[in-house]
Amino acid sequence: MEGLRLKYTNMEQQSNHRNHQTQGLSSRSLVVRRGVPFKVTLFFEGRGYDSQVDTLTFAAFLDRSYVAFPASFAMHNPQSGWNAQILQGDVYSKSLSVQISAPPSASIGLYTLHFKVQSQYQTRNYIIGDFILLFNPWCRGDSVFLPGENQREEYVKNDFGFIYTGTPQNMESRPWAFGQFEEGILEICLNLLQISPQHGRNSGRDYFSRRDPVYISRVVCAMINCEDDRGVLKGNWSGDYSSGVNPSDWTGSAEILQQWARSKFSPVRYGQCWVYAAVMCTVMRVLGIPTRVVTNFNSAHDTNANMIIEEYYSDRGEKLNISADSIWNFHVWVECWMARPDLGYGCDGWQVLDPTPQERSEGVFCCGPSPVTAIKRGCVNLLYDVPFVFAEVNADVHTIIVRNNQEISRSVDRGRIGSLICTKSIGLNTYENITTAYKIPKAGTSYRTTNGGGLGGREDFRLPSGRKSVEVSLLMRKPPIMGENIEFTVNITNKSNFAKVLRECVNGQAKEYNSSALKAFWEAYNVIKIGPFEVKTINHQIPYSLYGKELVGHNLMNLAVVIEDEETKECVLASEEINISSPTISIELANEHNIVQNEEQTAIIVFTNTLPVPVSDGTLTVEGVGLIEGKLQFELPVLQAGEKVERAVRFTPRTLGSKMLLAHLITRSNIYVSGFKTVYVKAE
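Residues numbered from 1 in each chain as written. Predicted model: local features only at pLDDT ≥ 70, side-chain atom pairs only at ≥ 80, totals over all residues. Heavy atoms only, no water.

Let's talk about the sheet that holds strand E30 (residues 571-579)
- Read from one edge to the other, the open sheet built from 4 strands follows the order E27-E26-E29-E30, with strand pairing classed as antiparallel. Looking along the sheet, the strands with just one partner apiece sit at the ends: strand E27 (522-530) and E30. On average, adjacent strands in this sheet sit at an angle of 15 degrees to one another, irrespective of strand direction.
- Examined bridge by bridge, strand E26 (residues 500-511) and strand E29 (residues 556-565) share 10 bridges and lie antiparallel to one another. (Pairing = 2+ DSSP bridges. Helix = DSSP H or I, 4+ residues; strand = E, 2+ residues; numbered from the N terminus. Axes fitted to C-alpha atoms, helices over the stretch in contact; angles between N-to-C directions.)

Notes on empty space enclosed by the protein
- Per the stated rule, a full pass over the model turns up 6 cavities of 30 Å³ or more.
- The calculated volume of the largest cavity comes to roughly 130 Å³.
- If you trace the largest cavity, you find 14 residues lining it, with Glu311, Lys319, Asp325, Ser326 and Ser516 closest to the centre.
- Listing elements by their share of the lining of the largest cavity, those giving two or more residues are strand E15 (308-314), strand E16 (319-320) and strand E17 (326-338).
- Its residues placed into classes, the lining of the largest cavity shows 5 nonpolar, 5 polar and 4 charged. (1 Å grid on protein atoms, 1.4 Å probe; cavity = no way out; pocket = protein on both sides within 12 Å on 5 of 7 lines; lining within 4 Å. Points joined across faces, edges and corners; volume = space filled by probe spheres on them. Nonpolar A, V, L, I, M, F, W, Y, C, P; charged D, E, K, R; others polar.)

Some points on helix H3 (residues 185-194)
- Counting buried positions over the 10 residues of H3 gives 7, a clear majority of the element.
- Where H3 is concerned, the buried positions are Ile185, Leu186, Ile188, Cys189, Leu190, Leu192 and Leu193. (Buried < 20%, exposed > 50% of the residue type's maximum accessible area, 1.4 Å probe, protein only.)

A closer look at the packing of helix H6 (residues 213-224) against helix H8 (residues 273-287)
- At a minimum axis distance of 10 Å, the contact between H6 and H8 shows a crossing angle of 145 degrees. Between H6 and H8 lies a crossing whose hand is right-handed. Residues Ile216, Ser217, Val220, Cys221 and Ile224 of H6 touch H8, and the partners they reach there are Tyr276, Val279, Met280, Val283, Met284 and Leu287.
- Here the residues of the contact of H6 with H8 sort into 10 nonpolar, 1 polar and no charged. (Left-handed = near helix turned anticlockwise from the far one by under 90°. Contact = heavy atoms within 4.5 Å.)

Description of the layout of surface pockets
- Its boundaries defined by the atoms lining it, the second largest pocket holds a volume of some 650 Å³.
- Around the second largest pocket, the lining is made up of 27 residues, and of these Lys157, Leu656, Gly657, Ser658 and Lys659 lie nearest the centre.
- Counting only elements with at least two residues in the lining of the second largest pocket, the list comes to helix H2 (149-157), strand E37 (657-667) and strand E38 (672-682).
- The element that contributes the greatest number of residues to the lining of the second largest pocket is H2, accounting for 4 residues.
- Grouping the constituent residues of the lining of the second largest pocket by class yields 7 nonpolar, 12 polar and 8 charged.

Let's talk about the pairing of E26
- Most of E26 is tucked away: 10 of the 12 residues are buried.
- Inspection of the sheet shows E26 paired to E27 by 9 bridges, in the antiparallel sense. Residue pairing for E27: Gly508 is matched across the bridge by Trp522.

Some words on the packing of aromatic side chains
- Counted according to the given criterion, the structure contains 25 aromatic pairs.
- Pairing Phe115 with Tyr126 gives two aromatic rings, centres 6.2 Å apart and planes at 25 degrees, and the pair type is stacked. Taken together, the residues Phe115 in strand E8 (residues 109-118) and Tyr126 in strand E9 (residues 123-134) connect sequence positions 11 residues apart.
- The exposure class of Phe115 is buried, given its relative accessible area of 1%.
- Between the aromatic rings of Phe330 and Tyr513, the centroid separation amounts to 4.5 Å while the plane-to-plane angle is 10 degrees, which identifies the pairing as stacked. (Phe/Tyr/Trp six-rings, centres within 6.5 Å; stacked < 30°, edge-to-face > 60°.)

Remarks on the side chain of Asn555
- In this structure, Asn555 sits in the loop between helix H12 (544-547) and E29.
- In this structure Asn555 comes out as buried when scored by relative accessible area, which is 14%.
- Polar side-chain contacts of Asn555 include one of 3.1 Å to the side chain of Ser582.
- Residues contacting Asn555, with those up to four places away along its chain left out, are Met482, Ile578, Asn579, Ile580 and Ser582. (Polar contact = N/O pair within 3.5 Å; in protein donor to acceptor, adjacent residues only side chain to side chain.)

Thoughts on unusual backbone geometry
- Between Arg269 and Tyr270 the backbone carries a cis peptide bond, its omega angle lying at 10 degrees.
- Along the chain, Tyr270 turns up in strand E13 (residues 268-271).
- In this chain, Leu383 is followed by Tyr384 through a cis amide linkage whose omega measures -15 degrees.
- When you line up the elements, Tyr384 lands in the loop between helix H9 (372-377) and helix H10 (386-394).

Concerning the sheet that holds strand E31 (residues 585-589)
- The 3 strands lie next to each other as E31-E33-E36, forming an open sheet whose pairing is antiparallel. In this open sheet, the two edge strands, each paired with only one partner strand, are E31 and strand E36 (644-651). The mean inter-strand angle of the sheet, taken between neighbouring strand axes irrespective of direction, is 25 degrees.
- Of the pairings in the sheet, the one linking strand E33 (residues 601-608) to E36 comprises 8 bridges and is antiparallel in character. Paired with Gln601 across the two strands is Phe651, which belongs to E36.

Thoughts on H2
- Among all positions of H2, only Arg152, Glu154, Tyr155, Val156 and Lys157 are buried.
- The secondary structure elements touched by the buried residues of H2 are strand E2 (30-33), H8, strand E14 (291-301), strand E18 (349-353), strand E22 (420-424) and strand E23 (431-433).

A look at the state of the cysteines
- In total, this model carries 0 disulfides according to the counting rule given.
- For Cys379, which is in no disulfide, the shortest distance to another cysteine sulfur is to Cys347 and amounts to 6.6 Å.
- Counting only cysteine sulfurs, Cys571 is the nearest neighbor of Cys505, a cysteine outside any disulfide, at a range of 8.5 Å.
- Given the relative accessible area of 9%, Cys505 is considered buried. (Disulfide = S-S within 2.5 Å.)

Re the pairing of E13
- As judged from the 3 bridges shared by strand E12 (residues 233-235) and E13, these two strands associate in the parallel manner. Of the residues in E13, the one forming a bridge with Lys234 is Arg269.

Side note on the environment of Asp50
- Along the chain, Asp50 turns up in the loop between strand E3 (38-45) and strand E4 (55-62).
- On the basis of relative accessibility, which here comes to 16%, the residue Asp50 falls in the buried class.
- For the pair Asp50 and Ser93, spaced 43 residues apart in sequence, the C-alpha separation works out to 9.6 Å.

Here we look at the environment of Thr9
- Relative to the helices and strands, Thr9 is located in strand E1 (residues 5-10).
- Remark: the alpha-carbon pair of Thr9 and Thr667, spanning 658 residues in sequence, is separated by 55 Å.
- Apart from the residues within four sequence positions on either side, Thr9 is in contact with Val40, Thr41, Leu42 and Ile128.

And the structure:
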């Protein structure tokens, strides 16, 4: 009998992609997930397969490493290893269907499938084709298994989301296109593993270790920044972005990853924390690890690991840049879902990973994976970087007033750091408060548990240094909006039974989200007479004409007031860091509830200049992953105060499901305005 000869192979991409939840991942190769069988159909010439004569063996090659496994009619336990089950085929048929299974602990990556057929007097070897193997959060045996289809849809397959910035009292939602289904992104994410230092040092060990999401997450975390390798992003917090892109101008991950690949893996300029986190979220979702972007408001950077952040103010209320420690108004990282058998019981679930280069972890700029459960319990002896993240959400703030380089007052705030930790809600365009997943509330501290913000100053927890005879608080009278006056009150309480003469010093300082405030641009002084047990309220306002040209970055401002008793020289301070909301762009769809794939649609982009000054040199950009190819840009005319502009945008949706249409306006005067519209695309 003649030997069995393979004619060609059908990798059954359409059905395999559907069964493996990999539809839309752009690749020339078959894309499957570990722990679940995939089907291939072999077509022979001359004669068909004869189980009495022919012995079939498959081999999956990951570069030079491989595993060989025979094909049989028996069904093996998929947990036990690679196997191939013959589904149907006989000597009279010239096709044979085989179901191939990779165990849920297999290394991820680009494999080549080989096929050997041994007949009575002949052996032939064939290369069937390539396939990409990914983690499988749908498989219970996989260490990244995530229960709940709605969670998997959100944290693996959703290609858009929000990054939360600003302050807890006036949060801003920044739309972001993760773009994991865009052209070439899957291959770029695999290339990221290939050019990592771990792969360069020992490729065999690297391939073996790729079965472990803990290992993969640390490799990716380090590769998102370029401080130790040929990573994706170069950080820049200087304010000078002339040799690259302002981090605030990025709106999606795909453009960054594609630019990195086109440049032969030279770092993309520039990133800051939310850009690092969003790009890492894209890479991890592509590889199959459930991931979400998380914002920690009032995030501590504790450089000396003493769990104390010291902030200094002058006796005029001006914030001073003295301490090496810092508090970021917000800091953004990711959480990835995985089991942690390396740490033992109670550490599975969400893990913090922070690709922003702050401190080295085992000699490399990365952070995590740190179990969120361990952070909450304060298990600071565990891998990886739990003490650093614990301090980011739990450090105490010591506020110190100095005069002539001498400390004259000190107070402690135990509730400010990690005051709100949040992420996008599942299936909704609102945020979910996850603060209590990280923290056990301290005495006298409460965490907001509802969507939306409130107004009000922070409570001041003082060291036991004697009873204060004067109390002060700083409260916003209304949410601060760009173009309007900033209005706030200083409330003073005389807790003694005799009258006082007090001196009020209040000021405003612009600041970046990750650094100390700049020099005060606005100050006010008052002398106040207050009776026994009297409460006085002083109103203040800062006009746009004063603050508009001072703001930097994220439109943040530090307001502070120092009240000094002229007789006793007792000083008390209250401060509030505020985020000033920008104008918004509205998007109107002519056929909002009937958006159909491959049918042209029209969107109307509307911007009204609500500022009291003209807006000029504006570029309006409209984009939408799965909706618009690339970006559409329009140069806008000078818009006077109160003037409105509209632009009609035609687009043809390419992919099904929930998508996001984004519009943003950037002007030469660094005014940034954005808007979004969620679009649900139906089948034809």
